[in-house]
There are 2 protein chains.
Amino acid sequence: VQNRTISDLGERALIDRITARLAMPSWVVVGPGDDAAVMETERGTLQVLTTDAQVEGVHFDHRFVPPDAIGHRALAVNLSDLAAMGATPRAALLSLVLPDALDVAVFDGMLDGLVTLAAKHGVSVVGGNISRSPGPLVVDVTAIGSVRPRRVLRRAGARPGDGVYVTGTVGDALVGLRSLQARCGAGLNDPSGAAQPSDGLRVAPSEEFVPHGSEQRYLYPQPRVRMGMLLGRNRAATACMDLSDGLADAVRQVAAASHVGIAIDADALPIADEVRRWHREQNADPTAMALHGGDDYELLFTARPSQSGRLRNVKTHGGSAAITKIGEVTRDRRLIVRTPAGDAPLPEGFEHFR
Amino acid sequence: VQNRTISDLGERALIDRITARLAMPSWVVVGPGDDAAVMETERGTLQVLTTDAQVEGVHFDHRFVPPDAIGHRALAVNLSDLAAMGATPRAALLSLVLPDALDVAVFDGMLDGLVTLAAKHGVSVVGGNISRSPGPLVVDVTAIGSVRPRRVLRRAGARPGDGVYVTGTVGDALVGLRSLQARCGAGLNDPSGAAQPSDGLRVAPSEEFVPHGSEQRYLYPQPRVRMGMLLGRNRAATACMDLSDGLADAVRQVAAASHVGIAIDADALPIADEVRRWHREQNADPTAMALHGGDDYELLFTARPSQSGRLRNVKTHGGSAAITKIGEVTRDRRLIVRTPAGDAPLPEGFEHFR
């Protein structure tokens, strides 16, 4: 039996499949099905807007990323951006660029992952667009949130003497990705340059494939929505950013935006035992890998020591994720990692297109 | 001399190239360079949101669409959606999915076309994202506008007895596209199915190539921003939609959303002389082609005869584009085209993925 592809269905049927999954709250004045969506804003709030795309062969590979993880990640990376601003997520727009040969089951699975995460965080998918793709599948999401003035978290704002903190654990996603690649014999962002979109477009991985531990963390990152909101509302953070491109990159960006230096304490980094073990088996340094690895979608933030009560408040109500102090903000503009063997310069973060 | 590609520059340099072109008004609290953009909303307004992508090989072809037209169209199609809602455009987010081999001159040209149109309509590009593409160039834009409650234009709202109107002329873009294809020996949306991204990625077309008339209309559609705003503010329209997928499609959509029928008067369609001539030379019926052709980005709207004063007001202040009555809304749910030879059923509109 040949699988059904989306070109068998047509654009309108695909849109109907999406809208059938959506419920509109009362503040959505016009939902999907018109030229644009119309929504009320909460009085006294600012609007927070971000957009990020997941591209087949660059950000995911059908060979080891199941359809629902594609949809989950496409929304998660955007919710993580909103969290980093201290915003409450409210709505999302979904722009899909779809190959004709895309399996309907992949389309449905992708939608399922996205809608499930949206529901978890009270996000309404208010509109979107479907285009054909002569190449890879692209899932582009715009997320809209709200935040009160003076509760906005920015990359700028860290001051000398502030503590540097991170939520959850770092470096999991990199190990999860490598582990999935090893098990599935597939590569993303091949050093040869041109990432290859998978030929497959099939439902993958197979049903027997059960991702575990760090693999789950890579496939289904949990954006720190509640933590970000609480950091903003409690005015507990002086600066904040998410770890989309890795810890080293985030440290560098916050320091640059705030015109300060940052010293990271290597021994303080919250690295999961599984992750440490994995790197040691590969003869790699867990600290260096945790600094370098991206896709963790934890929050890096800075906080004033004199306002530890505010931070305690966030820890009490912020959910299960740990908050770990990993360093401090310095007046001199250097970026260093303190290790038992002495100080080392912060490694370069990951930069796209290089 | 080998042309520079964007992979020679790196992601950060590309972002700097974009932000250098942007000016932020005071209502943008956080612009590009943080995890998300933050903006104030106008008190008492609703937010209007839309997203639409331009995909190489599907919506444009480097062989006959110059880089600045790619950027122009990517924003124009979204501003047209806002206009159709009666909204005032305010901001845009830009999500770029870029092949490594993209020429820097194409990138700059694309940006130039987009920024120029944004400036013309007072739209601030407040944020965005750059991803790598293993396939086609994708320019995905989210546009944000504002509108007062009870000034929102929707597809629903047309009532029996209302007149049906269209702005400007219809069918230009289809002729422009065909003319460009004929002159450049290139095809888009080839009937063979898979649209081919151009191998080129070069600056095209060559400098000697000067698009004219309908070609200009295809390459640089002018969204009816002012007209849409005025139709909303004057409460002159009972329903409204833009002609992105052609006149027949818009008639069908407005009728379906409003639970009415629509009768179009074939002889009333505003078709440019050049366009009529072109079709006659091809032995095609200008009316049928004008109903079918997409990409015009004019507005279709309905208005009550008893409120002709409101419409006159819009005509007076709406700029140079004509407003032409092309038919009327009927109680019976039929969709027909009235011709001197008798009534005919409205032809099917263009549907993607079929």
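## Some words on the packing of helix α2 (residues 11–19) of chain A against helix α4 (residues 104–120) of chain A
In a pair of packed helices, the angle between the axes and the distance between the axes together describe the arrangement. Residues and elements named next belong to chain A. The N-to-C vectors of α2 and α4 enclose an angle of 30 degrees; their axes lie 10 Å apart at closest approach. With respect to their mutual orientation, α2 and α4 come out roughly parallel. As for the relative orientation of α2 and α4, their crossing is right-handed in sense. Of the residues in α4, those in contact with L14, R17 and I18 of α2 are V104, F107, D108 and L111.

## So, the nonpolar core
Core analysis: the biggest nonpolar cluster contains 53 residues, and L96, L98, F107 and V139 of chain A have the highest contact counts within it. The dominant element in this core, judged by the number of residues it contributes, is α4 of chain A, at nine residues.

## Examining the confidence of the model for chain A
Reading fine detail from the predicted coordinates is not recommended where pLDDT is low. Residues and elements named next belong to chain A. Of all residues in chain A, 91% have pLDDT values of 70 or greater, and the mean over the chain is 91. Throughout residues 190–203 the model reports pLDDT below 50, and contacts reaching past four residues in sequence, or to other chains, amount to 29 contacts. Note on the complex model: pTM 0.93, ipTM 0.92.

## Some remarks on the pattern of salt bridges
Taken as a whole and assessed by the stated rule, the structure comprises 31 salt bridges over all chains. In this structure, the salt-bridge partner of D295 of chain B is R73 of chain B, at a minimum N-O distance of 3.6 Å. You can see D295 of chain B sitting in the loop between α10 (286–292) and β10 (299–303) and its partner R73 of chain B sitting in helix α3 (residues 67–84), a full 222 residues away along the chain. For D295 of chain B, a relative accessible area of 23% gives the class partly exposed. Taken together, the shared-partner salt bridges connect D34 and D35 of chain A together with R154 and R155 of chain B into one network.

## Some points on the sheet that holds strand β8 (residues 239–242) of chain A
Residues and elements named next belong to chain A. Ordered in space as β8-β10-β7-β11-β9-β12-β13, the seven strands form an open sheet in which the pairing is mixed. Only two strands of the sheet have a single partner each, and these edge strands are β8 and β13 (342–345). Direction aside, neighbouring strands of the sheet carry axes that sit 25 degrees apart on average. Bridging between strand β9 (residues 261–265) and strand β12 (residues 335–339) involves four bridges; their strand directions are parallel. When the sheet's bridge partners are listed, A263 is paired in β12 with I336. Contacts from helix α8 (residues 247–258) reach β8, β9, β10 (299–303), β11 (323–330) and β12, with the element oriented near 145 degrees to β8.

## Re the packing of helix α3 (residues 67–84) of chain A against α4 of chain A
Residues and elements named next belong to chain A. Running from N to C, α3 and α4 cross one another at 40 degrees; their axes reach a closest spacing of 6 Å. As α3 packs across α4, the resulting crossing turns out to be right-handed. Here P67, D68, I70, G71, H72, L75, A76 and L79 of α3 lie close against α4, whose contacting residues are V106, G109, M110, G113, L114, L117 and A118. Within the contact of α3 with α4, the residues separate by chemical class into 10 nonpolar, four polar and one charged.

## Quick notes on the pairing of strand β7 (residues 163–167) of chain B
A regular strand carries its side chains on alternate faces of the sheet. Residue and element names in this part refer to chain B. For β7, the buried fraction is high: five of the five residues fall into the buried class. Looking at chain direction, β7 and β10 are connected through four bridges and run antiparallel. When the bridges of β10 are listed, Y165 appears paired with F301.

## Structural notes on the relation of the copies chain A and chain B
Note that the two copies of the chain are related through a rotation about an axis and a translation along the same axis. Once turned by 180 degrees and shifted 0.0 Å along the axis, chain A lies on chain B with an RMSD of 0.0 Å. The transformation just described matches what one would write down for a two-fold rotation axis. Of the C-alpha atoms belonging to chain A, the one lying closest to the rotation axis is found on G135 of chain A, 2.5 Å away. Mapped onto chain B, 99% of the interface residues of chain A again fall at the interface, so both copies present the same surface.

## Thoughts on the side chain of T51 of chain A
In this structure, T51 of chain A sits in strand β3 (residues 46–55). Here the side chain of T51 of chain A touches V141 of chain A through a polar contact of 3.2 Å, landing on its backbone oxygen. Side-chain polar atoms of T51 of chain A contact the side chain of T142 of chain A, separated by 3.4 Å. Once you skip the residues sitting within four places of it in the chain, T51 of chain A turns out to touch N78, D140, V141 and T142 of chain A together with L93, L94, S95, G128 and N129 of chain B.

## Observations concerning the side chain of D140 of chain A
By secondary structure assignment, the location of D140 of chain A is in strand β6 (residues 138–147). Within the buried set, D140 of chain A has no salt-bridge partner at all; the shortest N-O distance to an opposite charge, 13 Å, is to R73 of chain A. In terms of polar contacts, D140 of chain A uses its side chain to reach the side chain of S95 of chain B, at 2.8 Å. Discounting chain neighbours no more than four positions away, the residues touching D140 of chain A are T51, D52, A53, L93, L94 and S95 of chain A together with S95 and D140 of chain B.

## A short note on the interface of chain A and chain B
Facing the 74 residues of chain A at the interface are 73 residues of chain B. Surface buried jointly by chain A and chain B totals about 5,800 Å² across both partners, of which 56% is contributed by carbon and sulfur atoms. Connecting chain A to chain B are eight salt bridges. A salt bridge links R155 of chain B to D35 of chain A; its shortest N-O distance comes to 3.0 Å. Where chain A meets chain B, there are 21 residue pairs in polar contact (both at pLDDT 80 or more). If one sorts the elements of the side of chain A that touches chain B by residue count, β3 of chain A sits on top with nine residues.

## Quick word on the environment of A256 of chain B
All names here are of chain B. Within the secondary structure, A256 sits in helix α8 (residues 247–258). The class of A256 is partly exposed, set by a relative accessible area of 43%. Spatially, the C-alpha atoms of A256 and L269 are 21 Å apart, while their sequence positions differ by 13 residues.

## Observations concerning α4 of chain A
Residues and elements named next belong to chain A. The terminal C-alpha atoms of α4, which comprises 17 residues, lie 24 Å apart, in line with the 24 Å expected from a rise of 1.5 Å per residue. Residues V104, V106, F107, G109, M110, L111, G113, L114, V115, L117 and A118 constitute the buried set of α4. Where α4 begins, one side-chain oxygen reaches toward the backbone nitrogen of A105, 3.0 Å away; that side chain belongs to D103. Once α4 ends, the next one or two residues include G122, with phi positive near 65 degrees.

## Topic: the pairing of strand β7 (residues 163–167) of chain A
All names here are of chain A. Both faces of β7 are covered, namely the face carrying G163, Y165 and T167 and the face carrying V164 and V166. Where β7 meets β11, five bridges bridge the pair, whose relative direction is antiparallel. Pairing of Y165 across the sheet is with K325, part of β11.

## A word on the sheet that holds strand β11 (residues 323–330) of chain B
Residues and elements named next belong to chain B. The strand order across the open sheet built from seven strands is β8-β10-β7-β11-β9-β12-β13, with neighbouring strands paired in mixed fashion. Sheet topology places β8 (239–242) and β13 (342–345) at the edges, where each strand pairs with a single neighbour. For this sheet, the mean inter-axis angle between neighbouring strands, taken without regard to orientation, is 25 degrees.

## Looking at the packing of aromatic side chains
Summed over all chains, the structure comprises two aromatic pairs over all chains. Between the aromatic rings of Y165 of chain A and F301 of chain A, the centroid separation amounts to 5.3 Å while the plane-to-plane angle is 10 degrees, which identifies the pairing as stacked. Placement of Y165 of chain A in strand β7 and of F301 of chain A in strand β10 is noted, with a sequence separation of 136 residues between them. Each member of the pair, Y165 of chain A together with F301 of chain A, is buried. Between the NZ or CZ atom of R73 of chain A and the centre of the ring of Y218 of chain A, over which it lies, the distance is 4.3 Å. Sitting above the plane of the W27 of chain B ring, R90 of chain B keeps its charged end 4.1 Å from the centroid.

What counts, and at which threshold
Residues numbered from 1 in each chain as written. Chains lettered and ligands numbered in written order. Predicted model: local features only at pLDDT ≥ 70, side-chain atom pairs only at ≥ 80, totals over all residues. Heavy atoms only, no water. Axes fitted to C-alpha atoms, helices over the stretch in contact; angles between N-to-C directions. Helix = DSSP H or I, 4+ residues; strand = E, 2+ residues; numbered from the N terminus. Parallel < 35°, antiparallel > 145°, perpendicular 65-115°, else oblique. Left-handed = near helix turned anticlockwise from the far one by under 90°. Contact = heavy atoms within 4.5 Å. Core = buried A, V, L, I, M, F, W, Y, C linked by side-chain atoms within 4.5 Å. Buried < 20%, exposed > 50% of the residue type's maximum accessible area, 1.4 Å probe, protein only. pLDDT = per-residue confidence, 0-100. Salt bridge = Lys/Arg side-chain N within 4 Å of Asp/Glu carboxyl O. Pairing = 2+ DSSP bridges. Nonpolar A, V, L, I, M, F, W, Y, C, P; charged D, E, K, R; others polar. Least-squares fit on C-alpha atoms with pLDDT ≥ 70 in both. Polar contact = N/O pair within 3.5 Å; in protein donor to acceptor, adjacent residues only side chain to side chain. Lys, Arg positive; Asp, Glu negative; His and termini not counted. Buried area = accessible area lost by both parts, 1.4 Å probe. Expected span 1.5 Å × (residues − 1). Phe/Tyr/Trp six-rings, centres within 6.5 Å; stacked < 30°, edge-to-face > 60°. Lys NZ or Arg CZ within 6 Å of the ring centre and 35° of its normal.

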